[in-house]
Every structure is written in structure tokens, then in C-alpha cells.
Amino acid sequence: METLNDDRIKELKEIARRVRIYVVKSTNAAGSGHPGGSLSATDMLTVLYFEIMDHKPDEPDWEERDRLVLSKGHAAPALYGVLAESGYFPIEELMTLRALGSRLQGHPDMRKTPGVDASTGSLGQGLSIACGMSLASNIDRKNYRIFVICGDGEMQSGQIWEAGMFAAQYKLDNLIVFLDRNQLQIDGSTEEVVSIEPIVSKWKSFGWHVQEIDGHDMGKIYESIQKALEVEGKPSMIVAHTVKGKGVTFMEGSLAFHGKAANDEQLEIALKELGGK
Amino acid sequence: MWEMAKQRDAYGETLVELGRERDDIVAIGADLCGSCRIKEFGKEFPERFFNSGVAEQNMMGVAAGLAFQGKTVFASTFAVFATGRAYDQVRQSIAYTRANVKIVATHAGITVGGDGASHQMLEDIALMRVLPNIRVVAPADYYETSKATRTIADMDGPFYMRLGRSSVPIITDEDSLFEFGKASILKDGDDVTLIGTGIMVSRCLKAAKMLQKKENIEARVVNMSTIKPLDEKTIVKAAKETGGVVTAEEQVVSQGMGSGISQVLSESYHVPMKRVGVPNVFGESGNSEELMEKYGLTAEAIVESAHDVIARK
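Residues numbered from 1 in each chain as written. Chains lettered and ligands numbered in written order. Predicted model: local features only at pLDDT ≥ 70, side-chain atom pairs only at ≥ 80, totals over all residues. Heavy atoms only, no water.

J.: Explain the overall build of chain B here, please?
T.: Broken down by element type, chain B carries 12 helices and 14 strands. For 313 residues, the compact-globule estimate of 2.2 N^0.38 gives 20 Å, and chain B sits close to it at 19 Å. Overall, the C-alpha framework of chain B stretches about 60 × 40 × 35 Å when taken along its three principal axes. Across the 313 residues in chain B, those meeting the buried criterion constitute 64%. (Helix = DSSP H or I, 4+ residues; strand = E, 2+ residues; numbered from the N terminus. Rg over C-alpha atoms; globule rule 2.2 N^0.38 Å. Buried < 20%, exposed > 50% of the residue type's maximum accessible area, 1.4 Å probe, protein only.)

This is the structure in C-alpha cells:
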């Protein structure tokens, strides 16, 4: 199986570091947003956009492109970060996040932002949209793949399991879903709010191919996708164990930064850690 | 009297024709594919037909995903599930994104009959007309349903089309014009205007006949088959020329078509008005005709309202 060499891993880590800087800076500028869940999803998004997905930043509507549905739409700052880094829009535009008139809405809006494949934000809906995209690719005999990033709090939503049954029924094997298992939702630990465990066996019993990885290991993220791409007749779930707020010590594992931006002082500390300005 | 036919039959037949003409037409249902009449489409085009099972929220999301890839999607289930159960999915995934999804709901209204209140959707017009980007159509009969199905397939973006369960009188014919956003005048008159939608249009015609025969009152009858956007021009013109308006719908009166018309008139041309519909209550089991009578959806109720309006002119 194909693996990533160390040099490439270094490059991807460097991109992810910049994306993390964008996340903390843009949410600070906006005065609100969800840095915690954006930082936990950053490494997956980086590998997808810079190593896996076939896409053309200068032609966002290219029909053959691979699609990404950010079902946990509140991680929009990370998605915008990788899109800007890919060249869909200028990096400076990231600082307009959540501002009146900005193309960068608080949650992804496919009609406003180049490169956004699906509008999301109301949790639980992205996976169903991705199923529809996958069915369309089958009708049209197209080879594009559909990637999804779900949150773990989102697993409490009934529609996720409706879509889970549906994807298995229709054997949607070009559908690859990451579960950003950062353990926390806005009201506390997922296990304290309403337990989603045992999540691996749940998805297995729903007829999915399931893997479990460290969601911050670039090499493992890459390899798990390669493995998922080889699966036939089943949708794929990759349970990625992550740390909420990853990369910024005071945000790591912190509930406070689920839905709150760093203030100016905190931003300075965060940027120092991330080696940015 | 009139011949009777089911609107959903017209929908199912037209959908098959559309499927033959256009590769981009796909259909999805939620375990009620037979009742909604999309099963035939599924038989002829199995590769373009999907069933979500009893999972309407997922159905709406899947429909949106199909539409984002260039498909013209017909999503069908009962009105109560399409607009109630899946409201947030319709709002977020379809209306907000302007997805090319045609939500065609059957079994709307009290005429569902024996199934009772759990299945009698009387709030769907209210729920759908308030949503940005969604256009709302409620055809009056078999032929109009067929034409409306074609029209919404030809127009890009989301629609809600409301159909009933039972057979309804055929009051138009194959050659009558259906124009989206345009109300049609089925009978001229200058004494009062009766504006109906869906199954209530034929009752307005009946009421007009009663008014004419017994009292020499000439009522204008308007078929408001597009509920959103409302044909304001026709409404205001009728108000000016007849001086009073009665609306009739198989819906709670508090936020339905009649409310929309009263909003138009209160801002543009104030005339006495009366809205015929179901009060803000749930229905119950019974046969369609009994229920229509008990809940005041009759030609007699329209006649009575016309008297009230005329008296206040």
C-alpha cells in the first residue's frame, strides 16, 4: 500500500500549522466561532485537500472533482483555511470570517464560498447530502469520491443513522467518512451528555467498513484513506481519535473553546506556540 | 356533475413521461412510494429511483445531494412528513441552498380521512410559504396537477407541490392553461370574489352557482393554484372590481393562502374579507365528505361567507 514519505509528511504538517494559525486568527478577528473543533479536524482536511482529493481551485465547479461535505459545519474556519491555502480565494479574505457581507459565513454556504460543496451547519444533515452525491455519481458513471467529516456530538442525531443505513443499503463505496472523535461537545464530554460508544461496533453493525486511527498522524490518515478506497460494496467510516483544540495548548481538551474565540492576549500565546504572527 | 380523478395519479403518470423525456429526472420516496404514485417511475427507471425507507429527514438530504450534482429531483411522501417531520432538512439542505428539489407531497389536508389527525396535514401551506426560496403550488385537479408537474420540472430550484389523497372533481381540461404564479379566473362576476385553492376550487364554483341561482349574485371564481408567490395583480383587481373577497382552502385558516391574500389586500386595497378553512385545530377520523362538512369546508360555508362579505361592502 502507498504510504507518505517523511518529507511529504513534513510538508503537510507545515500546511496544517499555517491552517491552524488561520483558524485562531480568523476566529479572533470575528470575535466568535468554533476554534476547538476546527483544530481537531485540521490534519484530516489537510491530507484530503493536499494529498488525496482531485480538485481544481481555479475551477471550483469542475464536474469530475472529489467532493467534501463538512457535516460538522461549525469547523468552517478549518475548511476555509485549507481552501484559501489551496488557492480558492485569497488568504487575507480569511480575516473577513463572519463579517457582514463576507463570503465566509459562520457555517459553510455553498452558494457564497468557492470550493464549498455543500451548505451545512444544522448537525446531522451532511451525511445524507453526501449519500445523494454518491448516488448521482453512480447514475452518471463518474469516478469522483465523496469525503465527509462528521463530529462526534453529531452521532447523537437520528438522521446520521438514517443515512448510515441508507449508504449501506445502496452500497455507496465511494463515500468515505471521517468521524472527528475529539470526545467533546458543547455541553461536555459526549459520554456524559449521551454516550455514542461503542461507536466502532455501531458502524460495523450498520454494514460499514470501519477503521480507527490517530487523527493527527498524517501518515495514518493517508493510509486509512488508501485502505478505504479499496473497499468495495460498502461505505467507509474512519474513526479518527483527535484532540479538541489540537496545536494550541490552552485550547487542547478544553470545553471553553468549543464555541469561543481566543481574545487578543490568548491569540498572542497561541500564535507563539504555532510559530505564527 | 364533474368527473372525478386523483391528483396523485396525474403526478405519477406525468413523472414517468418526464423520465422518458429527460435523463436528469430522478425520484425518491420514503416507503410510501405506492401511495405517492412514484412506484411506476421506479419500475421503469430503477437506476434513477431511490427509497429512503421510513426516514424522511434523510430523504430530503439525499434529494439535496442529488440536486447539487445536476439532477432534477422529485421527493415524495405524505404532506405531514414532508413538511413536518423533515422541516429543518427542507429549510437547511433544500431551501437555503436553492436545491433543485421538487417536494411533491400527497395526502395533504383533512380528506385523508380515516387515518385521523396524525396524518391529516393542515399546516403545510403555512410551513412552506414562510420559507425563503420555496415556491408553493396547489393544483385544483387532475389536469392541472399534470401541467404543474411539468412546469416545476422545467423551472430551476425548490418547489413544494401539495396534492390530496382522494378523487377530486375535474374542473379544467387538457387544454386549459397553467401558468406558474398566475391565478386563473374560472367564472366572471362583479358582486364578490371567491378565491379557492386545491380541492376547494370546485367548491367555490359550486358556491358561485348557488349564489347565482338563488339570489342572482354574480361571484367571480379564482383558482389560486400558485400560493407562493401570490398573483397579487389578479387579487387586487378582483378586490377593486367586486368589492369583497372570500378565500377557501383545506388548511388551518390562521396562516394559509387566505392569510396571504389578506396580507396582500390589507397593504394594497382594503375590502371586506372572509377566510374559509379549518380553525386552528387537529382533525379526526371519518370519511372525507363527513370531515369536510364537520370542519366547514363546504360550498354552503363559502356561500354564507359571501353573504357576510357582501353585507359589509
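J.: So what exactly am I meant to see when it comes to the sheet that holds strand E4 (residues 72-78) of chain B here?
T.: Picture the strands of a sheet paired through backbone hydrogen bonds; they go either parallel or antiparallel. Residue and element names in this part refer to chain B. Taken together, 7 strands build an open sheet; the order of strands is E3-E2-E4-E5-E7-E6-E12 and the sheet is mixed. Each having just a single partner strand, strand E3 (49-51) and strand E12 (226-228) make up the two edges of the open sheet. Averaged over all pairs of adjacent strands, the angle between their axes in this sheet comes to 20°, without regard to strand direction. Sheet topology note: the E4/strand E5 (residues 101-106) ladder contains 6 bridges and is parallel. Note that in E5 the partner of Phe-78 across the bridge is Thr-106. The strands touched by helix H7 (residues 142-154) within the sheet are strand E2 (25-29), E4, E5, strand E6 (135-137) and strand E7 (159-162), with E7 carrying the most contacts at an inclination of about 170°. (Pairing = 2+ DSSP bridges. Axes fitted to C-alpha atoms, helices over the stretch in contact; angles between N-to-C directions. Contact = heavy atoms within 4.5 Å.)

J.: Would you mind showing me how to read empty space enclosed by the protein here?
T.: A probe as big as a water molecule, rolled over the atoms, marks out the empty space that is left. A full pass over the atoms with the stated rule returns 3 cavities of 30 Å³ or more. Quantified by volume, the largest cavity comes out at close to 110 Å³. Of the residues in the lining of the largest cavity, the class split is 6 nonpolar, 5 polar and 3 charged. No fewer than three residues from each of domain 1 (4-169) and domain 2 (184-311) of chain B sit in the lining of the largest cavity. In this model, the second largest cavity occupies a volume close to 40 Å³. Contributing to the lining of the second largest cavity are Tyr-49, Met-53, His-55, Pro-60, Arg-65, Asp-66, Tyr-88, Gly-115 and Asp-117 of chain A. Partitioning the lining of the second largest cavity into residue classes produces 4 nonpolar, 2 polar and 3 charged. (1 Å grid on protein atoms, 1.4 Å probe; cavity = no way out; pocket = protein on both sides within 12 Å on 5 of 7 lines; lining within 4 Å. Points joined across faces, edges and corners; volume = space filled by probe spheres on them. Nonpolar A, V, L, I, M, F, W, Y, C, P; charged D, E, K, R; others polar. Domains from an automatic or database assignment.)

J.: Honestly, the sheet that holds strand E6 (residues 209-214) of chain A in this entry has me stumped. Any pointers?
T.: Residues and elements named next belong to chain A. One open sheet holds the 5 strands; their spatial order is E1-E2-E3-E7-E6, and the pairing between them is parallel. In the strand order of this sheet, the two ends are held by strand E1 (67-70) and E6, each with one partner. The mean inter-strand angle of the sheet, taken between neighbouring strand axes irrespective of direction, is 20°. Helix H2 (residues 35-52) contacts E1, strand E2 (146-151), strand E3 (175-181) and strand E7 (236-241) of the sheet and is inclined by roughly 150° relative to E3. Across the sheet, helix H8 (residues 218-230) touches E2, E3, E6 and E7, and the angle it forms with E6 is around 170°.

J.: Hey, could you run me through the nonpolar core in this one?
T.: Soluble globular proteins: nonpolar side chains tend toward being buried together. Core analysis: the largest hydrophobic core is formed by 143 residues, its most contacted members being Leu-48, Leu-68, Leu-175, Phe-178, Trp-203 and Trp-208 of chain A together with Ile-261 of chain B. Looking at which element gives the most residues to this core, the answer is helix H1 (residues 6-30) of chain A, with 9 residues. Viewed by domain, this core spans two of them, domain 1 (4-169) and domain 2 (184-311) of chain B, each represented by three or more residues. Apart from the residues lying within four places of it in its own chain, the contact partners of Trp-203 of chain A are Leu-127, Met-155, Ile-160, Trp-161, Gly-164, Trp-208, Val-210 and Met-237 of chain A. Membership of the second largest hydrophobic core comes to 34 residues, among which are Val-168, Ala-248, Met-292 and Ile-302 of chain B. (Core = buried A, V, L, I, M, F, W, Y, C linked by side-chain atoms within 4.5 Å.)

J.: So what exactly am I meant to see when it comes to the packing of aromatic side chains here?
T.: In this description, a pair of aromatic rings is defined by centroid distance and the angle of the planes. Summed over the entire model, instances satisfying the criterion amount to 12 aromatic pairs over all chains. Between Trp-203 of chain A and Phe-206 of chain A, the aromatic rings sit 6.2 Å apart at their centres with planes inclined by 55°, giving tilted as the arrangement. Take Phe-206 of chain A: its relative accessible area is 25%, and that puts it in the partly exposed class. With 5.4 Å between their ring centres and 70° between their planes, Phe-250 of chain A and Phe-257 of chain A make a pair best called edge-to-face. Its relative accessible area of 5% is what places Phe-257 of chain A among the buried residues. Looking at Arg-48 of chain B, its charged tip hangs above the ring of Phe-45 of chain B, at a distance of 4.4 Å from the centre. (Phe/Tyr/Trp six-rings, centres within 6.5 Å; stacked < 30°, edge-to-face > 60°. Lys NZ or Arg CZ within 6 Å of the ring centre and 35° of its normal.)

J.: Where do I start with the interface of chain B and chain A in this structure?
T.: Interface size, as often reported, equals the accessible area lost upon joining of the parts. At the junction of the two partners, chain B supplies 28 residues and chain A supplies 24 residues. The interface formed by chain B and chain A holds 1 salt bridge in total. With its nearest N and O atoms 2.5 Å apart, the salt bridge here joins Asp-140 of chain A to Lys-71 of chain B. There are 12 residue pairs in polar contact (both at pLDDT 80 or more) connecting chain B and chain A. If you list the elements that add at least two residues to the side of chain B that touches chain A, you get E2, E3, helix H3 (56-68) and helix H5 (87-95) of chain B. The dominant element in the side of chain B that touches chain A, judged by the number of residues it contributes, is H3 of chain B, at 9 residues. The residue inventory of the side of chain B that touches chain A, partitioned by class, reads 11 nonpolar, 11 polar and 6 charged. (Salt bridge = Lys/Arg side-chain N within 4 Å of Asp/Glu carboxyl O. Polar contact = N/O pair within 3.5 Å; in protein donor to acceptor, adjacent residues only side chain to side chain.)

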